[in-house]
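Per-entry structural report
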Amino acid sequence: MAMNEKILSVAPMLDWTDRHCRHFLRLICPSCVLFTEMLTTNALLLGRDPQRFLEYSAAEHPLILQVGGDDPEAMRRVSWLAREYQYDGINLNVGCPSPRVQKGSFGACLMATPEHVAELMAALADSGLAISIKHRLGLDREENYAALQQFVDRVAQSGCRHFIVHARNAWLKGLNPAENREIPPLRWDWVQHLKQDFPHLQIEINGGFKTPATVLEQYPYVDGVMIGRAAYHNPLLLAEVEMAMGRRAQLPERGQILEGLMTYAESWGEALPAPRLSRHLHGLYYGVAGAGEWRRFLGTAVLNESAADFLRRALQQFA
Ligand SMILES: Cc1cc2nc3c(=O)[nH]c(=O)nc-3n(C[C@H](O)[C@H](O)[C@H](O)COP(=O)(O)O)c2cc1C
C-alpha cells in the first residue's frame, strides 16, 4: 500500500473528542480520520436526545461513529442511524475496560466471545456502511498471540475487514481505565504480525504513539496508525505526521487555526459558550514559547461569554 493510501486517525476518546474538539483537530489535520466518542446503543436508541450526540459539522468528514453495546438488533438499528446521519463508517468498541461498560457486558470483555462479536459486526454491516472494530490484544494477564489470531480470524468471517488494535491487553480487574492505557505492556510487534498473518485485512495500530518518527516507522508494516492522547495534548503533532507522510509542505500557523475556529464559533453564536470550546485548546501551544501564557488565557473562559467573543480576544492577544 502506497503512503498516500495509509490511514492516520485520531482515537475515539470519551469526553475529549466531542464535535468541537473534532472540528479543531480537522482544522489542523485535513487528512486524518476522526472518530466520535463511544456512544452506547442505549444512549442512541433509548436516550432522550440522540441527535445531540449524532450531529456534527460537514468539515469533520471522514468521520466514524464509534458504538458500544452487545445486542445485535440494537447494532442493526444503530447502523441505520449512522447511515441516516451520513457517517463514513461505524466502529465497534471492544477495548474499553471500565466497570460501567463491563456491567453492560460490552467493550473489552467482548474479546472473550469472538462468535458474539462476529454477530455484532454482521449486524453493523446491515446499513452498507464501512465497518471496523477497535480491540485489544487480549484480556487480563493472558498473553496469547494464537488466541488473538483466532479472534481476528473469527471476526473477519463476519465481513469485517478493518481491525484497529490497541496494542496491549485490557485487565478487567485491578486496573482503572487510565491505568489500563499504561500498565499492560505495549506489543506493537504483535500488530505487525497480524498484518503478516492477514495480509488481506486492513490492520491499524494504536497505543503509545507520540512522535512523527515512531508513527512513520510503522507504515511499512501496517495500514494505519491511530493516535489518541498525544493528538489531544499536542494537536500539531497530527500536522507534523502529515508532513512526514508527504501530505503537506508546511505546518499550519497557530493564528490561522484560531481564525478557522473563529469562523466555526461564529456559526454557533451564543449557543456555544466559551468553555465548551476552550477546554480542548490547551495543546495548541504545546512545547513552544507562550504555552504558559496561552493556558492562563484559556483560564479566563467563562460560561456567559460566547466562544466567538472569546476567540476574538484570543486573536487580539495571540495572532
Ligand atoms: C480520555 C480517554 C477516553 C477514551 N475513550 C475511548 C472511547 O470512547 N472509545 C475507545 O475505543 N477508546 C477510548 N479511549 C482509548 C483510546 O482510544 C486509545 O485506544 C488509547 O488512549 C491508547 O492510545 P494512545 O496511547 O495513543 O492514547 C480513551 C482514551 C482516553 C485517554
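Residues numbered from 1 in each chain as written. Predicted model: local features only at pLDDT ≥ 70, side-chain atom pairs only at ≥ 80, totals over all residues. Heavy atoms only, no water.

Per an unreviewed UniProt entry, the chain is named tRNA-dihydrouridine synthase, and its organism is Acidithiobacillus marinus. The Function (unreviewed entry) comment attached to the chain in UniProt states, word for word, "Catalyzes the synthesis of 5,6-dihydrouridine (D), a modified base found in the D-loop of most tRNAs, via the reduction of the C5-C6 double bond in target uridines." Per UniProt, the chain carries the Cofactor (unreviewed entry) text "FMN". (UniProt positions renumbered as here; feature names shortened; annotations may be inferred.)

It is the contact of helix 12 (residues 254–268) with helix 15 (residues 307–318), at a shortest axis distance of 9 Å, that shows an interaxial angle of 160°. When the axis of helix 12 is compared with that of helix 15, the two are roughly antiparallel. The two elements helix 12 and helix 15 cross, and the hand of that crossing is left-handed. Across from Gly255, Leu258, Glu259, Leu261, Met262, Ala265 and Glu266 in helix 12, the residues of helix 15 making contact are Ala307, Ala308, Leu311, Arg312, Leu315 and Phe318. (Axes fitted to C-alpha atoms, helices over the stretch in contact; angles between N-to-C directions. Helix = DSSP H or I, 4+ residues; strand = E, 2+ residues; numbered from the N terminus. Parallel < 35°, antiparallel > 145°, perpendicular 65-115°, else oblique. Left-handed = near helix turned anticlockwise from the far one by under 90°. Contact = heavy atoms within 4.5 Å.)

Once that is clear, we can look at the UniProt feature "binding site: FMN" (unreviewed entry) in the chain. Residues given the UniProt feature "binding site: FMN" (unreviewed entry) here are Gln66, Lys134, His166, Asn206, Gly207, Gly208, Gly228 and Arg229. Among the residues just listed, Gln66, Lys134, His166, Asn206, Gly207, Gly208, Gly228 and Arg229 line the largest pocket. Checked against the element boundaries, Gly207 lands in the loop between strand 8 (202–206) and helix 9 (212–218). Ignoring any residue separated from it by four or fewer positions in sequence, one finds Gly207 in contact with His166, Leu186, Trp188 and Met226. Here Gly208 shows up in the loop between strand 8 and helix 9. Its relative accessible area of 33% is what places Gly208 among the partly exposed residues. (1 Å grid on protein atoms, 1.4 Å probe; cavity = no way out; pocket = protein on both sides within 12 Å on 5 of 7 lines; lining within 4 Å. Buried < 20%, exposed > 50% of the residue type's maximum accessible area, 1.4 Å probe, protein only.)

What follows deals with the site of the ligand. In the vicinity of the ligand there are 17 residues, among which Gln66, Asn206, Gly208, Gly228 and Arg229 approach most closely. At 3.4 Å, a side-chain N or O of His166 approaches an oxygen atom of the ligand. Here an oxygen atom of the ligand and a side-chain polar atom of Asn206 are 2.6 Å apart. Relative to its unbound accessible area of 610 Å², the ligand is 92% covered by the protein chains. With respect to the detected pockets, the ligand is housed in the largest pocket. Classifying every residue of the shell around the ligand by side-chain character gives 7 nonpolar, 7 polar and 3 charged. (Near = heavy atom within 4 Å. Polar contact = N/O pair within 3.5 Å; in protein donor to acceptor, adjacent residues only side chain to side chain. Areas by Shrake-Rupley, 256 points an atom, 1.4 Å probe, with all protein chains shown as cover. Sits in = over half its atoms within 2 Å of the grid points. Nonpolar A, V, L, I, M, F, W, Y, C, P; charged D, E, K, R; others polar.)

Another aspect to go through is unusual backbone geometry. Here the bond from His61 into Pro62 is cis, since omega is -5°, no more than 30 degrees from zero. Checked against the element boundaries, Pro62 lands in the loop between helix 3 (50–54) and strand 4 (63–68). With phi around 55°, Ser105 is a residue other than glycine that occupies positive phi space. A residue is classified by how much of its surface remains accessible, and Ser105, at 37% relative accessible area, is partly exposed.

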